[in-house]
Amino acid sequence: MAEKEIKSIDPATVEMIEKAASEGVSIAFERAGKMTACPIGAEGSCCSICAMGPCRVPLPRGKEETPEEKKKRRGVCGATAETIAARNFVRKIAAGTASHGDHGREVAKVFLEVARGEAPGFEIKDEQKLLQLALDLGVNIGNRSNKEIAIDVGEILMKEFGKQEGELLMLKRAPIKRQEIWRKLGVAPRGVDREVAEAMHRTHMGCDQDYQDLLLHGARAALADGWGGSMIATELQDILFGTPSPVASQINLGVLKEDEVNIIIHGHEPYMAEMIAVVAQDPELIAYAKSKGAKGINLAGMCCTANEILMRHGVPIAGNFLQQELAIVTGAVEAMVVDVQCIMQGLVEVARCYHTKVITTDRRAKIEGATHIEFDEHKAVESAKAVIRAAIDNFPNRGDKVRIPSYKTDIIAGFSHETINYLLGGLFRASYRPLNDNIINGRIRGVAGVVGCSNARVTHDDVHVTLVKELIKNDVLVVETGCAAMACGKAGLLVPEAAAQYAGAGLASVCEAVGIPPVLHLGACIDNSRILMAATAMVKDGGLGDDLSDLPVAGAAPEWMSEKAIAIGQYFVSSGVFTVFGVTWPTTGSKAVTDYLFKDMESMYGGMWAFEPDPMKIAKLMIDHIDKKRKALGIDKARERVLYDMAMRRELESV
Ligand code: BF8
């Protein structure tokens, strides 16, 4: 792939890419230009699961494949292109589900330790949500203490990971019709780990070799992510650290401070970051920072850990996935503190060119050349203090290459599905009714979930921002998580004023009445489960059909790159949601597998995948789908008529 002309639409990113180049520092933007993506792997036609290969079975380039050629497209074992593409796809789902699941399991472990009083420094913050979850899980409340209830809740949810038979308990939260679809297809997941293990077994050499059967299990494993690992993580994190409510903050590299100790918290699991956010305010540590010549301690987030501590503490965000190396390029970061997932190994090499200490904190994610200070939840305060002290000690080592871009943008975040409920219905009549009513009367055309990563193969942030602007212009309310939310935050879309500036008249009128932005930030990628819950609440409130697939909603991950994104997409599709991915599509090596995902899944699940890299075309696909659903619901006439001007009339008459 040739080097892209425009690497990012974000001026802070562009400024730091140029700084890196002038200082001879290698970063992902530059490496992506030099390294061509493997076309065989990209289309899912490379099988590396046994040592007779890797076998490559690529589609013939530039011409239609003949039936004879198709027959010959087989690996050494005889595996067809279909089996190979499906196996690769299911393995991505398994990896994504395992990542979210391992996050969820770790949260459940810490949650149980907190409930048992074994993790001093942490406490249960949202007791109301604890009781609600306890009721959902059938835990006896009576006169029992919250501690006793929490232990029961934690033990029940911990068992959800290794459960061998039955169904995940959270599936019961879905609309009844959806549950029936899953049962009929045989994809209702048992335990989270059970489905991941089976996915790995089925895709082992010489096991499941029927692509349709493989993809059925892919749905089962993905559902174990969305309605299992991810949902458990979000629920327990909210109970432990507080359910988010609207909070003001700022985003972009300009949140770093020239005269303070800058600590970036990067990764996904929030316990360490939570404790650092609290401990960074300790007067003793602030005094220690001053003793080293700094004016204070400045915390900023990166990737999904950023979203976690933004949502609950208002800690500013330094940037999204592709900005992690660039934060170090500012020369002003004393410590880049990382836990798990989406941490580029390139960080350590970049850090060698400046004074930044890369500190790994999780036993599951160490990086050669980084400093390891392991987080111990039993000594959470001490662990957090050790990290902050290491950062402060590094402040005097700053070199003369400090340049912090001036760009930072105001944002409002903190929209959990509970908050949306209160904001729309009021504290005493919390309800999704006003949202449903505004969809039915056409002021809001539908709802779009735009989520996922940044990817160095496309112009950074551009696909997200162009897509989301087009959606809100067409009265589609957008909910976001992950790096997508950060891209739109930097572009000024996460503030209420964005409604008047960018949204269509209908959506703007609702946003202005309620006082919300047209793009709602729902949290980290693990919190995509909030979108499932919000969509379920819309179904349950009535008037928009009786299943998730009836809703005028659509999803997209237009700059995706991680396996977690594939797992998320698959659980949305298997939950009935039309979902579009950009950048590249990993099964194009098999037409049958791609057709199954793009077409057949609709008749099975009511949702299907699509691939489209152009943001305006993605928007059209999503809006067309929303309109199709409005029509099926009989609410397409409700939308106010477009008033034609002369030019539009002339165009009509000439047809
Ligand atoms: O879980 S959006 S690049 S940071 S994978 Fe990673 Fe993608 Fe960002 Fe969070 Ni999600």
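The rules behind these values
Residues numbered from 1 in each chain as written. Predicted model: local features only at pLDDT ≥ 70, side-chain atom pairs only at ≥ 80, totals over all residues. Heavy atoms only, no water. Helix = DSSP H or I, 4+ residues; strand = E, 2+ residues; numbered from the N terminus. Polar contact = N/O pair within 3.5 Å; in protein donor to acceptor, adjacent residues only side chain to side chain. Contact = heavy atoms within 4.5 Å. Phe/Tyr/Trp six-rings, centres within 6.5 Å; stacked < 30°, edge-to-face > 60°. Buried < 20%, exposed > 50% of the residue type's maximum accessible area, 1.4 Å probe, protein only. Lys NZ or Arg CZ within 6 Å of the ring centre and 35° of its normal. Pairing = 2+ DSSP bridges. Axes fitted to C-alpha atoms, helices over the stretch in contact; angles between N-to-C directions. Core = buried A, V, L, I, M, F, W, Y, C linked by side-chain atoms within 4.5 Å. Right-handed = clockwise from strand over helix to strand, strands pointing away. Parallel < 35°, antiparallel > 145°, perpendicular 65-115°, else oblique. Nonpolar A, V, L, I, M, F, W, Y, C, P; charged D, E, K, R; others polar. Donors = N, O, S within 2.8 Å, 3.2 Å for Na, K, Ca; no water. Tetrahedral: all angles 85-135°; square planar, octahedral: opposite > 155°, others 65-115°. Domains from an automatic or database assignment. Buried area = accessible area lost by both parts, 1.4 Å probe. Salt bridge = Lys/Arg side-chain N within 4 Å of Asp/Glu carboxyl O. Near = heavy atom within 4 Å. Patch = residues over 30% accessible without salt bridge, like charges linked within 9 Å, V, L, I, M, F, W, Y side chains within 5 Å. Areas by Shrake-Rupley, 256 points an atom, 1.4 Å probe, with all protein chains shown as cover.

Engineer: Tell me what's going on with the side chain of Q570, and back it up with residues and numbers.
Structural biologist: Checked against the element boundaries, Q570 lands in helix α24 (residues 563-574). In terms of polar contacts, Q570 uses its side chain to reach the side chain of W609, at 2.9 Å. Discounting chain neighbours no more than four positions away, the residues touching Q570 are F89, I93, L215, G218, A219, A222, L597, M601 and W609.

Engineer: So what's going on with the packing of aromatic side chains? Residues and values would help.
Structural biologist: All told, the structure shown has twelve aromatic pairs when counted by the stated rule. Arranged with centres 6.4 Å apart and planes meeting at 10°, the rings of Y271 and F375 form a pair that is stacked. Separated by 104 residues along the polypeptide, Y271 in helix α11 (residues 270-279) and F375 in the loop between β9 (371-372) and α16 (380-394) bring together distant segments of the chain. Pair check on accessibility: Y271 and F375 agree, each one buried. Here W560 and F581 contribute two aromatic rings whose centre-to-centre distance is 5.5 Å and whose plane-to-plane angle is 45°, an arrangement assigned as tilted. Of this pair, W560 sits in the loop between β14 (553-557) and α24 while F581 sits in strand β15 (residues 578-581); the two residues are 21 residues apart in sequence, bridging distant segments of the chain. A residue is classified by how much of its surface remains accessible, and W560, at 6% relative accessible area, is buried. Given a relative accessible area of 2%, F581 falls into the buried group. Ring pairs connect the aromatic residues F89, W560, F581, W585, F598 and W609, which therefore count as one cluster. A cation over a ring is seen here: R389 above Y288, with NZ or CZ 4.9 Å from the ring centre.

Engineer: Which residues make up the sheet that holds strand β13 (residues 519-521), and what values go with them?
Structural biologist: In space, the six strands of this open sheet follow the order β13-β12-β11-β14-β15-β16, with parallel pairing throughout. The outermost strands of the open sheet, each flanked by one partner alone, are β13 and β16 (609-611). Pairwise comparison of adjacent strand axes, ignoring direction, gives a mean angle of 25° for this sheet. In this sheet, strand β12 (residues 476-480) lies alongside strand β11 (residues 446-450) in parallel orientation, the contact comprising five bridges. Of the residues in β12, the one forming a bridge with V450 is E480. Its contacts with the sheet put α24 on β15 and β16, and the angle it makes with β15 is roughly 155°.

Engineer: Hey, could you go over the nonpolar core for me, with residue numbers and the actual values?
Structural biologist: Grouped burial of nonpolar side chains is what soluble globular proteins tend to show. Grouped together as the largest cluster of nonpolar side chains are 175 residues, with contacts concentrated most on V153, L236, L471 and M622. The element contributing the most residues to this core is helix α10 (residues 211-241), with 16 residues. Filtering out sequence-adjacent residues up to four positions away, L236 remains in contact with V107, A108, F111, L133, V153 and L157. Counting 39 residues, the second-largest nonpolar core is a separate cluster that includes I17, C303, V329 and A351.

Engineer: Can you tell me about the side chain of E43, naming the residues and giving the values?
Structural biologist: With respect to the helices and strands, the residue E43 is situated in the loop between α3 (39-42) and β1 (46-47). The exposure class assigned to E43 is buried, which follows from its relative accessible area of 5%. A polar side-chain atom of E43 sits 2.9 Å from the main-chain amide nitrogen of L59. Sequence-distant contacts of E43, that is, excluding residues within four places in its chain, are made with V57, P58, L59, R61, W585, P586, T587, T588 and G589.

Engineer: So, the pairing of β14: which residues are in play, and what are the values?
Structural biologist: For β14, a buried count of five out of five residues is recorded, marking the element as mostly surrounded by other parts of the structure. Where β11 lies against β14, four bridges are found, and the strand directions are parallel. Within the sheet, the bridge partner assigned to V450 lies in β14 and is A556. As paired elements, β14 and β15 share four bridges and run parallel to each other. Bridging from a neighbouring strand, G555 pairs with T579 of β15. Each parallel crossover has a hand, and the one from β14 via α24 to β15 is right-handed.

Engineer: If you had to explain the packing of α11 against α16 to someone new, which residues and values would you point to?
Structural biologist: Across the interface, α11 lies against α16 with an axial gap of 9 Å and an inter-helix angle of 70°. As far as their axial angle goes, α16 and α11 are roughly perpendicular. Within the contact between the two elements, α11 uses M272, M275, I276 and V279 and α16 uses A380, V381, S383, A384, K385, V387 and I388. Considered class by class, the residues forming the contact of α11 with α16 number nine nonpolar, one polar and one charged.

Engineer: Summarise the coordination of the nickel atom of the ligand; cite the residues concerned and give the values.
Structural biologist: In this structure the nickel atom of the ligand is ligated by exactly one protein donor, C525 (SG), at 2.3 Å. For the nickel atom of the ligand, the four donor atoms are set out with angles of 88 to 158° between them, so the coordination reads as irregular.

Engineer: Mind laying out the environment of D10, listing which residues take part and the relevant values?
Structural biologist: Structurally, D10 can be placed in the segment before α1 (11-22). Distance in space between the C-alpha atoms of D10 and N252 is 9.0 Å, their sequence separation being 242 residues. The residues contacting D10, other than those within four sequence positions of it, are N252, Q323, H460, D461 and K490. At 2.8 Å, the side chain of D10 and the side chain of N252 are in polar contact.

Engineer: Lay out the domain arrangement of the protein chain with the relevant residues and their values.
Structural biologist: Here the protein chain is partitioned into domain 1 (3-57), domain 2 (81-241), domain 3 (247-397) and domain 4 (415-633). Taking only C-alpha atoms, the centre of domain 2 and the centre of domain 3 are 30 Å apart. Between domain 2 and domain 3, the buried area comes to about 1,400 Å², and carbon and sulfur atoms account for 53% of it. Viewed at the interface, domain 3 and domain 2 are joined by four salt bridges. One salt bridge in this structure joins R363 and E106, with 3.2 Å as the shortest N-O distance. For the pair domain 2 and domain 3, the number of links is eight residue pairs in polar contact (both at pLDDT 80 or more). Elements with a contribution of two residues or more to the side of domain 2 that touches domain 3: α5 (81-115) and α10. No other element matches the nine residues that α5 contributes to the side of domain 2 that touches domain 3. Here the residues of the side of domain 2 that touches domain 3 sort into six nonpolar, five polar and six charged.

Engineer: Go over the site of the ligand with me, naming the residues and quoting the values.
Structural biologist: The local shell around the ligand consists of H268, C303, C304, F321, C342, G452, C453, C483, C525, M561, S562 and K564. Between the ligand and the protein, one listed contact pairs an oxygen atom with a side-chain N or O atom of H268 at 2.7 Å. Contact distances for the ligand include 3.0 Å between an oxygen atom and a side-chain N or O atom of K564. For the shell around the ligand, the residue count by class is eight nonpolar, three polar and one charged. Both domains that meet at the shell around the ligand, namely domain 3 (247-397) and domain 4 (415-633), each give it at least three residues.

Engineer: Break down a nonpolar patch on the surface for me, citing the residues and quoting the values.
Structural biologist: Together, M52, V76 and M205 line one region of the surface with nonpolar side chains, adding up to about 270 Å² of accessible area. With respect to the helices and strands, M52 occurs in the loop between β1 and β2 (55-56).

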